[in-house]
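Spelled out from the first residue to the last, the chains are:
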Amino acid sequence: MAKVLIIGAGGVGNVVAKKCTQAQEVFSEILLASRTKDKCDAIATSTNHPLLTTAQVDANKVNEMVALINDFGPDILINVALPYQDLPIMEACLETGVHYLDTANYEPPEEAKFEYKWQWDYHQRYKQAGIMAVLGCGFDPGVTGVFTAYALKHYFDEIHYLDIVDCNAGDHGHPFATNFNPEINIREITQKGKYYENSNWVEVDPFSVHRSINYPEIGSRESYLLYHEELESLVKHIPTIKRARFWMTFSESYLTHLRVLQNVGLTSIEPIEYEGKQIVPLQFLKAVLPIPSSLGENYQGKTSIGCHIRGVKDGKPRTYYIYNNCDHAEAYEEVGAQAVAYTTGVPAMLGAMLVLTGKWKGEGVFNVEQLDPDPFLAKLGKYGLEWHELINNSEEFVD
Ligand code: NDP
């Protein structure tokens, strides 16, 4: 029986909190804290769970985080605030000796550049403190790293080619909306695309490389090459990988809206002066777009995220595809969230559970592919994300 502190009460925080209440045998007390306490209270009220309490905290302030942790005494902290808060929260966990888990890597607010360097730099200090940080334990990053580790453990001697494919075939009925925090999402997808090939990173213009990919139970969808953070850790931890790419689907309408917003300057993170005040255009855009956690109600269709892997086993070439499909309406029915928040929140809860039950053990900072994939995949379906695998499915294979 353990105490969990969840930071962040957005779309993902809602799912993590509700999923923790479904696993009371592990999470005996849950504190949900965020910048706006009302949002925590709304989640707690909809859950109506006696073990879930709420608090206000500014996670950018290490001293506030330390005070909150000391007051509650958690065994683990799940960070589902924004990537900007990763470092102050990691610092507070280090100071108080509490295990840490997140779903997105650190990004400095003033520059749209995400990488693991800043968080990996904590490794020695976490090790000395005898605590564990699990980085990127959502779906992508997260389950995609576990899928790859599982493939390596059970199906390959060497992995050579990895293509992570992420499709949202859902329809929320809005002309334009993002499925998670709009600011973080738009910063991510408007960057240059990047993939890894033969020990080098190859950069391409945003959305310039695309192809049709077939997704199970969905069909073919145009998919665009993006840079995604798990590529950095996967090629580091699985050095036989010769090429690693990430693909995401976008509709023509989404891309047209995005192009217009970019062309008029609304996706910029450079502050501008407006009526005597400094404002960041992208933050203003976030304020006028639908709140991602509100999209769930009429969302229809599925997400499909998986890994296409090619390599060798016993000297013979092999292909392998492992994936999950998640239905927006079913996720809404269960926890009042759309599938993108659901597929992020379930793995975060499950990763925390594995740390607390000793199935994932370590001192220092770890990405999920460094940990045993078996206990994770043994429980992922039970908590709502069934997964499937296809071996030597060459005609489906992304090449
Ligand atoms: P939201 O914007 O819906 O929620 C973020 C929450 O963090 C809000 O409750 C917000 O508070 C809170 N917050 C922001 N700043 C602070 C602060 N200084 N102190 C305390 N709380 C703060 O985001 P999502 O729920 O959509 O996403 C959460 C995280 O999950 C993000 O880091 C995102 O990148 C990640 N993610 C990961 C995915 C994966 O598969 N790995 C997929 C999708 C998302 P307030 O309400 O006051 O704004």
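Residues numbered from 1 in each chain as written. Predicted model: local features only at pLDDT ≥ 70, side-chain atom pairs only at ≥ 80, totals over all residues. Heavy atoms only, no water.

The name recorded for the chain in an unreviewed UniProt entry is Saccharopine dehydrogenase family protein, from Symploca sp. SIO1C4.

Enquirer: Requested: an account of the UniProt feature "domain: Saccharopine dehydrogenase NADP binding" (unreviewed entry) in the chain, with residues and values cited.
Expert: Per the UniProt annotation, the sites labelled "domain: Saccharopine dehydrogenase NADP binding" (unreviewed entry) are residues 4–134. Taken as a whole, residues 4–134 contains 42% helix and 21% strand, while its terminal C-alpha atoms sit 15 Å from one another. (UniProt positions renumbered as here; feature names shortened; annotations may be inferred. Helix = DSSP H or I, 4+ residues; strand = E, 2+ residues; numbered from the N terminus.)

Enquirer: Tell me about the site of the ligand, residues and numbers included.
Expert: The immediate surroundings of the ligand are formed by 28 residues, with Arg35, Thr36, Lys39, Ala59 and Asn181 found nearest. Side-chain polar atom of asparagine 60 to a nitrogen atom of the ligand: 3.3 Å apart, as the coordinates give it. In this structure, asparagine 181 approaches the ligand through a side-chain N or O atom, which is 2.7 Å from an oxygen atom. Here the ligand, which alone exposes 930 Å², has 93% of that area covered by the protein. A per-class count over the shell around the ligand returns 13 nonpolar, 11 polar and 4 charged. Here the shell around the ligand spans two domains, since at least three of its residues come from each of domain 1 (2–135) and domain 2 (143–337 + 384–391). (Near = heavy atom within 4 Å. Polar contact = N/O pair within 3.5 Å; in protein donor to acceptor, adjacent residues only side chain to side chain. Areas by Shrake-Rupley, 256 points an atom, 1.4 Å probe, with all protein chains shown as cover. Nonpolar A, V, L, I, M, F, W, Y, C, P; charged D, E, K, R; others polar. Domains from an automatic or database assignment.)

Enquirer: How would you sum up the domain arrangement of the chain? Please name residues and give values.
Expert: One can read the domain layout of the chain as domain 1 (2–135) and domain 2 (143–337 + 384–391). Just the C-alpha atoms count here: the centres of domain 1 and domain 2 sit 24 Å apart. Between domain 1 and domain 2, the residue contacts involve 23 residues of the former and 19 residues of the latter. For the pair domain 1 and domain 2, the summed buried surface comes to about 1,700 Å²; carbon and sulfur atoms form 53% of the total. Three residues, Phe114, Tyr116 and Trp120, lead the burial of domain 1 against domain 2; their summed loss comes to 35% of the area buried on that side. The interface formed by domain 1 and domain 2 includes 2 salt bridges. (Contact = heavy atoms within 4.5 Å. Buried area = accessible area lost by both parts, 1.4 Å probe. Salt bridge = Lys/Arg side-chain N within 4 Å of Asp/Glu carboxyl O.)

Enquirer: For the UniProt feature "domain: Saccharopine dehydrogenase-like C-terminal" (unreviewed entry) in the chain, give the residues involved together with the corresponding values.
Expert: The UniProt record annotates "domain: Saccharopine dehydrogenase-like C-terminal" (unreviewed entry) at residues 138–385. The straight-line gap between the two end C-alpha atoms of residues 138–385 is 12 Å; of that span, 33% is helix and 31% is strand.

Enquirer: Describe the packing of aromatic side chains, with residues and values.
Expert: Throughout the structure, instances matching the rule amount to 18 aromatic pairs. With 5.7 Å between their ring centres and 15° between their planes, phenylalanine 114 and tyrosine 227 make a pair best called stacked. With phenylalanine 114 in the loop between strand E5 (99–102) and helix H5 (117–120) and tyrosine 227 in the loop between strand E11 (219–226) and helix H9 (230–237), this residue pair connects regions lying 113 residues apart in the sequence. Of the residues examined, phenylalanine 114 reaches a relative accessible area of 7% and is grouped as buried. Taking 6.3 Å as the distance between ring centres and 80° as the angle between the ring planes, the aromatic pair formed by phenylalanine 156 and tyrosine 320 counts as edge-to-face. (Phe/Tyr/Trp six-rings, centres within 6.5 Å; stacked < 30°, edge-to-face > 60°. Buried < 20%, exposed > 50% of the residue type's maximum accessible area, 1.4 Å probe, protein only.)

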